[in-house]
Each structure stands twice: as C-alpha cells, then as structure tokens.
Amino acid sequence: MTTAPPPTTAPALALGAVAGKGRPGSSRIACPLPDGGLLDVGSLATAQRGPHPDLLAAPDLTRLLDAGAPAWREVVQWLRGWREDHERAAAYRLPDEGLVPVLPFAVADYVDFYACEQHARNAGLIFRPDAEDPLTPNWRRMPVGYHGRSGTVRVTGTPVARPSGQRGPEDFGPCAKLDFEAELGFVLGGPVPGPVGIDDAADHVLGVVLLNDWSARDIQFFESRPLGPHLGKSFATSISAWVTPLDELSAARVPLPAHDPAPLPYLTPGEPALGLDIDLAVHVNGELVASPPARDLYWSPEQMVAHLTSGGAGLRAGDLLGSGTVSGPERSGFGSMLELSWNGRDPVVLAGGASRTWLEDGDEVVMTATAPARDGGRVALGEVRGRIRGA
C-alpha cells in the first residue's frame with residue numbers, strides 16, 4: 001500500500017459551523033472557499049442583504065434545516081456567486097488561524113442503514129459461510145437499518161475513547177476489536193409529522209457528510225443475538241464538519257444498481273432512482289487502506305427517507321441517516337477492518353511493516369471523498385478524522 005498524495009481538488013460548496021479555539025459557544029455558519037479559506041456566511045448575509053440572514057446568522061445549521069428546501073436552495077444559489085467573486089468575498093473571509101469546526105447541526109435522530117450490497121454480502125460470508133445466500137431474505141426488499149444514538153455523534157477531530165462492554169460470557173472489558181466504517185451521512189430537514197412519499201423525499205435531504213460509524217465488533221457480536229447493534233455502536237459516530245448540499249452533487253447522481261426483485265411501489269419513484277458517484281478514501285496513520293465507491297450503494301437516500309417514514313414516523317430538522325458501510329467488489333474497496341482483515345484473519349499491512357487486524361490505541365483514521373463537480377472536474381467533500389484513545 002502507498003501513502004496518498006496531498007489532496008489538490010478544490011473543496012465543494014458546503015455549509016458548516018466554526019468557532020474560536022476554546023470558545024464553542026461563539027460558533028458561526030461558514031462556507032469553505034475554493035482556495036481553502038472560510039467565508040463568514042452570517043456576516044455576509046446580514047451586510048449584503050442575502051437570503052434569510054436571520055437563519056444564516058445562527059450558530060449552526062439547525063434553524064436553516066428547520067426552514068426547509070426552498071430556503072436551502074436560495075442560500076446555495078446565492079453562495080455560488082459569492083464564492084466565485086473572490087475580491088468581494090475577501091471582506092467576509094474568516095481568519096486563517098484560530099478556528100475549529102463544531103458540530104454543524106444539532107442531531108435530532110440518527111438511523112444507520114445497511115445499504116451496500118457488497119458490504120452485506122461480505123458480512124454474510126464472514127458470519128454465515130455455509131449459507132446458500134449470504135444476503136438475508138429481506139435485504140433486497142427494503143433498506144435495512146437500525147436506530148442509533150444521536151447524542152454521541154461527534155464532529156471531525158474529536159478523539160474517540162475505546163469503549164468497554166461485555167465481550168462474551170463473564171467477560172467485561174475494553175473492546176479488543178475496534179473498527180471503522182466508511183459511510184455517507186444524509187442530513188435531513190423540513191420537518192413533517194408523517195410518511196414522506198418517495199417523490200417528495202429529496203425535498204427533505206439538505207446534503208451529504210462523510211460519516212465514520214465506529215464499531216466495537218466483539219461487543220457487537222455478543223450482544224446482537226438476536227437483536228441489532230446497541231453498545232457496540234452507541235459510543236461514537238464521527239461526521240465531517242461540512243454538509244455538501246445535494247444540489248451541488250447533481251453531476252454525481254447516477255443510476256442505482258439493478259434491483260431484483262423490483263421494490264414495492266412506496267420505494268419506486270416516478271423517475272429512475274439515483275445514487276451518488278462519490279469516491280471515498282480511508283487512511284489509517286496516513287496510509288491509504290481502502291477506496292470505497294459509493295456508486296455501488298443499492299438504495300438511494302430518497303428510498304431510505306421513504307422507508308424510514310413509511311410506518312408513520314415523521315422527520316425532524318437535524319435527522320441524520322447513515323448509508324451503512326460502503327464497500328466495493330475488490331478488497332481495496334472494503335470500507336471496514338472487519339472486511340479488510342476478514343474478521344481478523346488477514347492483517348492489513350501499513351507503512352514500515354506495521355500491520356493491523358483491528359484498530360489500536362493512538363491510531364488515527366481519516367476519511368476523505370471526491371465527487372464530480374457541477375461544472376466539470378471534481379470537488380472534495382469535507383474530511384472526517386478521529387484518533388483512538390485508551391479505554
């Protein structure tokens with residue numbers, strides 16, 4: 001494996017929040033500039049009579065998410081012009097030093113899906129090697145997921161403490177099989193009290209973050225008999241600081257893999273369902289270990305929204321959906337250590353001859369991604385990083 005070169009792709013238009021170091025209460029909404037600087041969105045909107053200055057002068061994106069899709073689209077269209085006018089934007093540029101990202105929105109509910117067929121297939125082969133079909137009977141019929149813990153969603157750069165839990169009968173202690181999961185996160189808004197139809201679902205997805213759903217595999221394996229993940233997942237989920245609007249990713253929308261059987265009507269849109277052609281990269285201690293392709297996700301974000309709400313659940317501003325681990329057909333595209341090491345059987349070799357089957361204390365995991373730009377070329381989505389601390 002080789003160390004990835006420094007990124008040269010310009011950052012995508014995105015929204016997030018930053019604060020002075022040691023002053024999280026003084027946060028403000030910001031937007032990354034093409035040269036790597038940051039635009040003070042709230043001050044700009046107030047001074048230049050931009051759209052919805054009351055929403056953009058808030059400390060984070062929660063109020064904007066509550067306002068719904070028409071407000072988001074006005075703001076994104078307006079910001080495009082300012083990002084391209086470097087001279088006028090300079091007056092509203094934030095200092096290059098002394099700022100740190102904060103959680104870009106208050107997370108309401110968090111649901112993690114299992115939307116990648118290759119990951120589901122790999123997990124089936126690992127844990128049910130003798131099964132006739134590694135996929136469970138329901139997997140191709142609905143976006144399978146579980147309800148996560150919103151209170152432990154953390155912004156990039158936040159250290160991740162190794163959790164403790166029951167690893168087996170009469171065995172409580174620090175997790176020995178700590179893992180990452182490379183995912184996309186979909187940030188929702190436009191609150192509604194009941195089901196959302198598949199053709200209306202896109203109006204509730206502001207955009208995309210990168211998401212690392214840290215996993216304590218030994219704790220997860222013991223507790224998930226027969227129910228789903230609980231303490232093995234609830235200790236930490238990391239997201240990038242920047243939300244890239246879905247409108248900015250229009251060039252990245254691609255047809256989903258063929259569905260067989262055809263989804264039920266509530267999961268079938270009037271136009272063909274579209275996924276996202278986003279290329280992820282996962283680095284452990286600076287070493288590129290995987291390049292998962294999100295274009296291989298089987299279910300679209302709109303299908304996830306429609307399924308989530310089909311039983312009567314509503315949406316709140318700041319709901320977060322995880323795609324589930326993104327994995328490609330080759331080992332180089334597997335999005336977790338579970339798959340890369342095949343549950344500990346095949347060590348992953350790092351620089352200098354070091355190897356890992358699971359993450360160790362002090363390891364830093366960094367995930368980045370790029371996508372096709374609206375005007376050609378590619379743009380970079382915000383990274384998500386986290387370093388492991390001892391239990």
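- An unreviewed UniProt entry lists the protein chain under the name Fumarylacetoacetate hydrolase family protein, from Pseudonocardia alni subsp. carboxydivorans.

### A few points about the sheet that holds strand β20 (residues 287–290)
Right, so step 1: In spatial order, the strands read β8-β25-β24-β19-β20; together these five strands make up an open sheet with mixed pairing. Two strands in the sheet have a free side with no partner beyond their single neighbour: β8 (160–161) and β20.
Right, so step 2: In terms of strand pairing, strand β19 (residues 279–284) meets β20 through three bridges, oriented antiparallel. Paired with Val284 across the strands is Glu287, a residue of β20.

### Looking at the environment of Pro163
Right, so step 1: Along the chain, Pro163 turns up in the loop between β8 and β9 (164–168).
Right, so step 2: Remark: the alpha-carbon pair of Pro163 and Lys233, spanning 70 residues in sequence, is separated by 9.6 Å.
Right, so step 3: What Pro163 contacts, discounting residues up to four positions off in sequence, is Gly173, Pro174, Cys175, Leu178, Ala216, Ile219 and Phe235.

### A closer look at the environment of Arg93
Right, so step 1: Mapped onto the secondary structure, Arg93 falls in the loop between α5 (86–89) and β4 (99–102).
Right, so step 2: Residue classification places Arg93 among the partly exposed residues on the basis of a relative accessible area of 34%.
Right, so step 3: C-alpha separation for the pair Arg93 and Arg295, spaced 202 residues apart in sequence, amounts to 35 Å.
Right, so step 4: In this structure Arg93 touches Leu33, Asp35, Gly37 and Leu38, once residues within four positions along its chain are discounted.

Cut-off values and rules
- Residues numbered from 1 in each chain as written.
- Predicted model: local features only at pLDDT ≥ 70, side-chain atom pairs only at ≥ 80, totals over all residues.
- Heavy atoms only, no water.
- Pairing = 2+ DSSP bridges.
- Helix = DSSP H or I, 4+ residues; strand = E, 2+ residues; numbered from the N terminus.
- Contact = heavy atoms within 4.5 Å.
- Buried < 20%, exposed > 50% of the residue type's maximum accessible area, 1.4 Å probe, protein only.

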